[in-house]
Amino acid sequence: MLRSLSRQMPRSRRSSAFDLPTSSHDRHDHRHWWARFHTRRTLRLAVFALACFFAIRIFFGLDSFLTYFNVADDGKPPLYGKYHKWELQLPQHNPDLPFPEGRHGQYIWMANHVHGSGWGNAMQEHLLNAHLAYKSGRALVFNNYTWNKDGSDYSEFNGHLIPSRIPLAALIRGPAAGGPFPPGDPAPRAVVKEYFDEVCPPSERTVIMSDEVTNAYESDSHAGRVLDAWVEKLKSLPRCVEINEASAQIFSIWIFGSKRVLGIWESLKKSPILTEFRWSQLIEDAFLSNRHLFTDVSWLSRLFSYGSAYPYDMIPGLLAIHVRRGDFEGHCLHFAKWSSEYNGFNQFPELPDHFEQPPTAGWGEATKEGEQIYLRHCYPDIQQIVQRVSEIRATPAGKGLKDIYIMTNGKKPWVQELKDALKKTGGWNKIASGRDFTLTKEQQYVAQSVDMLIGERAQVLIGNGFSSLTSNIVMMRMAKDFPPDSNRFW
C-alpha cells in the first residue's frame, strides 16, 4: 500500500532520442562524422554504465550504493514521517462510514500501553491488545512504538541517538496496524490516535482504570480469563473507551513471563491478528536484499530483487540462532536471583526444551551454581553455543541444516569469533549475522524485526528462552504449525 503513494507521483516524459524515424528523409544520416562517432561513444558509455549498475546491484545491493552517495544525510536517526502520513490516510479514517466504523463506531484506546521497552515486549503486548479489541467488537486505537513519551524526536540509548517514536507502519502490517480483516469479517478496522480524537473527543470518552477489571479475577488468572473478563466489561461500556494512562497494563509482564499467557493461545492462534499478520514492506525489503548472505539465491533474483518474502514459508537448511550480548548478562543474573521462568510463549508443552529453575540461596539470592545454570541458558559463551548447535544438528529436526543466521547484538569482533568457531565444525555453507547486512538508514533502527522474520522462517530456531524476541518468533512459528521440535533453546 505504501507503494501506491509512489504511483500517484507524476512521471517525467521519456526522451525521444531513440524514437523510430518517421519519414524517408529521417532515414538518411546527414550528420557530420564527429556526431556519428559521438553517438557510438555515448552508446558504449551507456552500456558500460548499465553493466556497472548491474554489478553493484548483484554484489553490493542498490540500497548500499544509494546510501553511500546520500549527501543529504545529517547523521541523525530517521523520523519515519512518510509512514505516519500513510497511517493517517487509511480509508477507515472517515467519520461518515457506517457502523461499526465512523463517528458512531466503538473504539478502545489503551493509553497505558507499554513504552520505554524493547520492541519484543511492545510487540507482544500490542498483538494481545489488538486481539482483545477484535473479540470485543471494537476498533483498536493504535499509536507509535514509543521509547520516550516526552514529545522529543530523539532519545539517547547506550550513548546513541534513537528515534523516540516509530510508526507501526514501519514495522508491521495487518489488522493490528490498520490493515483490512478477511472478507466477510465485519470487525471494525484499527485507527490511529488522531482519528480517535476526532470521533471520540474527551467529552465523549469513558475513561477507566484497568484495576476496575483486574480486581474482578484472581491475580494469577491466565490470559484467557483476562481476555474474557475484559470482553465482558467492554461490551457493557459506551462506544468510546480509554484505559487511563496511569493504569497497569491489561496483559502484564507477569503474564508474558509465565505459562499463564498460554491460556489465550487457542483464541489468539485463530484470530486475524495472527492469521493476517505481516511484516512491513520496509522489513521485507531488508530481508530480500540480504537473503543471499544466509541462503542460496539465484543471481537473477539478486539482480532484480525477484521474489517475495511473503508468505513466510520455511527456508530449508537454515538454522537461526538468537544470541544476546551486551547488558543482557546482567538481566540473566537478575533472572537467577528471582528464579525466573522462560517467557510464556517459550513454554508450549509440545516444545522439547523445558527449563527447571535451580534451588536458590534464599529470597532474591542465587547460588553460584544457579548463576552458571542461568548463564548457560541465557548468556552462553562461544564454546557452549558451538556445542549446542552440534547437538541440535544431530537431531531429526536438524537434518539437512547447511546455513546459519546469527541474531545478535554482539559486537563485530565477538561475532566474527563465533562465526569462525562454528565454521571449524565443518559442513556449513553460509554463516552470517545482521552485522553483515546492508541496510538503509530506516531499516537500521528496526533491524530486530528483520531478525524476527528470518527466525520465523528458519528450518530450526535455537532461541533464548528468557527473551521476548525469541518468544515472538516461537509464537509465529507455532501459529503456522511448524514442527514443535524445530524450536529449541540454549
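Let me sum up the structure you'll find in this document. (Residues numbered from 1 in each chain as written. Predicted model: local features only at pLDDT ≥ 70, side-chain atom pairs only at ≥ 80, totals over all residues. Heavy atoms only, no water.)

## Some remarks on the pattern of salt bridges
In the structure shown here, the tally under the stated rule is 20 salt bridges. The salt bridge partner of Arg-173 is Glu-284, with a shortest N-O separation of 3.1 Å. Pair noted here: Arg-173 is in strand E7 (residues 172–173) and Glu-284 is in helix H13 (residues 281–290), with a separation of 111 residues, a long-range link. By relative accessible area, which is 2% here, Glu-284 ends up buried. Between Arg-388 and Glu-391 there is a salt bridge, with the nearest N and O atoms lying 3.1 Å from each other. (Salt bridge = Lys/Arg side-chain N within 4 Å of Asp/Glu carboxyl O. Helix = DSSP H or I, 4+ residues; strand = E, 2+ residues; numbered from the N terminus. Buried < 20%, exposed > 50% of the residue type's maximum accessible area, 1.4 Å probe, protein only.)

## A few points about the sheet that holds strand E2 (residues 139–142)
Read from one edge of the open sheet, 5 strands run E8-E2-E1-E10-E9, paired in parallel fashion. Pairing within the sheet leaves two strands with one partner each, and these edge strands are strand E8 (191–192) and strand E9 (206–208). (Pairing = 2+ DSSP bridges.)

## What about the state of the cysteines?
Enumeration according to the criterion identifies 2 disulfides in this entry. Disulfide pairing is shown between Cys-200 and Cys-240; the S-S distance is 2.0 Å. Disulfide Cys-200 to Cys-240: torsion about the S-S bond roughly -70°, handedness left-handed. Remark: Cys-240 occurs in strand E10 (residues 240–243) and Cys-200 occurs in the loop between helix H7 (193–199) and E9; sequence separation between them is 40 residues. For the pair Cys-200 and Cys-240, a shared accessibility class is recorded, and that class is buried. A sulfur-sulfur separation of 2.0 Å characterises the disulfide bridge that pairs Cys-332 with Cys-378. A torsion of -75° about the S-S bond marks the disulfide between Cys-332 and Cys-378 as left-handed. In this pair, Cys-332 sits in helix H15 (residues 328–337) while Cys-378 sits in helix H16 (residues 368–378), placing the two residues 46 residues apart along the sequence. The residues Cys-332 and Cys-378 share a single accessibility class, namely buried. (Disulfide = S-S within 2.5 Å.)

## Description of the packing of H15 against H16
At a closest axis distance of 9 Å, the pairing of H15 and H16 adopts a crossing angle of 130°. With respect to H16, the element H15 is oriented oblique. Remark: the crossing between H15 and H16 carries right-handed chirality. Where H15 abuts H16, its residues Phe-328, Glu-329, Cys-332, Leu-333, Phe-335 and Ala-336 lie against Gly-370, Glu-371, Tyr-374, Leu-375 and Cys-378. Split by residue class, the contact of H15 with H16 holds 8 nonpolar, 1 polar and 2 charged. (Axes fitted to C-alpha atoms, helices over the stretch in contact; angles between N-to-C directions. Parallel < 35°, antiparallel > 145°, perpendicular 65-115°, else oblique. Left-handed = near helix turned anticlockwise from the far one by under 90°. Contact = heavy atoms within 4.5 Å. Nonpolar A, V, L, I, M, F, W, Y, C, P; charged D, E, K, R; others polar.)

## Some remarks on H13
Most of H13 sits inside the fold, with 8 of its 10 residues counted as buried. Residues of H13 that are buried: Gln-281, Leu-282, Ile-283, Glu-284, Ala-286, Phe-287, Leu-288 and Asn-290.

## Digging into the nonpolar core
Core analysis: the biggest nonpolar cluster contains 109 residues, and Tyr-107, Trp-119, Leu-127, Leu-132, Trp-230, Phe-251 and Trp-279 have the highest contact counts within it. Element by element, the count of residues in this core is highest for helix H6 (residues 119–136), at 8 residues. Within the second largest apolar cluster, 21 residues are counted, among which are Leu-319, Ala-397, Trp-414 and Ile-462. (Core = buried A, V, L, I, M, F, W, Y, C linked by side-chain atoms within 4.5 Å.)

## Looking at the packing of aromatic side chains
All chains considered together, the criterion is met by 24 aromatic pairs. Pairing Tyr-310 with Tyr-312 gives two aromatic rings, centres 4.9 Å apart and planes at 90°, and the pair type is edge-to-face. Judged by its relative accessible area of 4%, Tyr-312 is buried. An angle of 70° between the planes, with centres 6.2 Å apart, marks the rings of Phe-328 and Phe-335 as edge-to-face. By relative accessible area, which is 17% here, Phe-335 ends up buried. Ring pairs connect the aromatic residues Phe-328, Phe-335, Tyr-342, Phe-355, Tyr-374, Phe-466 and Phe-489, which therefore count as one cluster. (Phe/Tyr/Trp six-rings, centres within 6.5 Å; stacked < 30°, edge-to-face > 60°.)

## Thoughts on the sheet that holds strand E12 (residues 315–323)
If you trace the 5 strands from one edge of the open sheet to the other, you get E14-E13-E12-E15-E16, paired in parallel fashion. Pairing within the sheet leaves two strands with one partner each, and these edge strands are strand E14 (430–433) and strand E16 (487–489). Strand-to-strand twist in this sheet, taken as the mean axis angle between neighbours without regard to direction, amounts to 20°. The pairing of strand E13 (residues 403–408) with E14 spans 4 bridges and is parallel. Within the sheet, the bridge partner assigned to Ile-406 lies in E14 and is Ser-433.

## Overview of the pairing of strand E1 (residues 107–110)
Residues Tyr-107 and Trp-109 of E1 are buried on one face, and the alternating residues Ile-108 and Met-110, pointing to the opposite face, are buried as well. As paired elements, E1 and E2 share 3 bridges and run parallel to each other. Residue pairing in the sheet places Tyr-107 in a bridge with Ala-139 of E2. In terms of handedness, the path from E1 via H6 over to E2 forms a crossover that is right-handed. Where E1 and E10 come together, 4 bridges link them in parallel fashion. Note that in E10 the partner of Ile-108 across the bridge is Val-241. (Right-handed = clockwise from strand over helix to strand, strands pointing away.)

## Things to note about helix H18 (residues 412–424)
With 13 residues, H18 extends 18 Å between its outermost C-alpha atoms, agreeing within 8% with the 18 Å of an ideal straight helix rising 1.5 Å per residue. Every buried residue belonging to H18 is among Trp-414, Val-415, Leu-418, Lys-419 and Leu-422, and all of these are buried. Relative to the axis of H18, the buried residues are bounded by an arc of 140° and lie together on one face. Projecting away from the buried face of H18 at angles above 90 degrees are the exposed residues Lys-412, Pro-413, Lys-423 and Lys-424. Buried residues in H18 make contact with E12, helix H17 (382–393), E13 and E14. Looking one or two residues past H18, Gly-426 carries a phi angle of roughly 85°, positive in sign. (Expected span 1.5 Å × (residues − 1). Arc of directions from axis to C-beta.)

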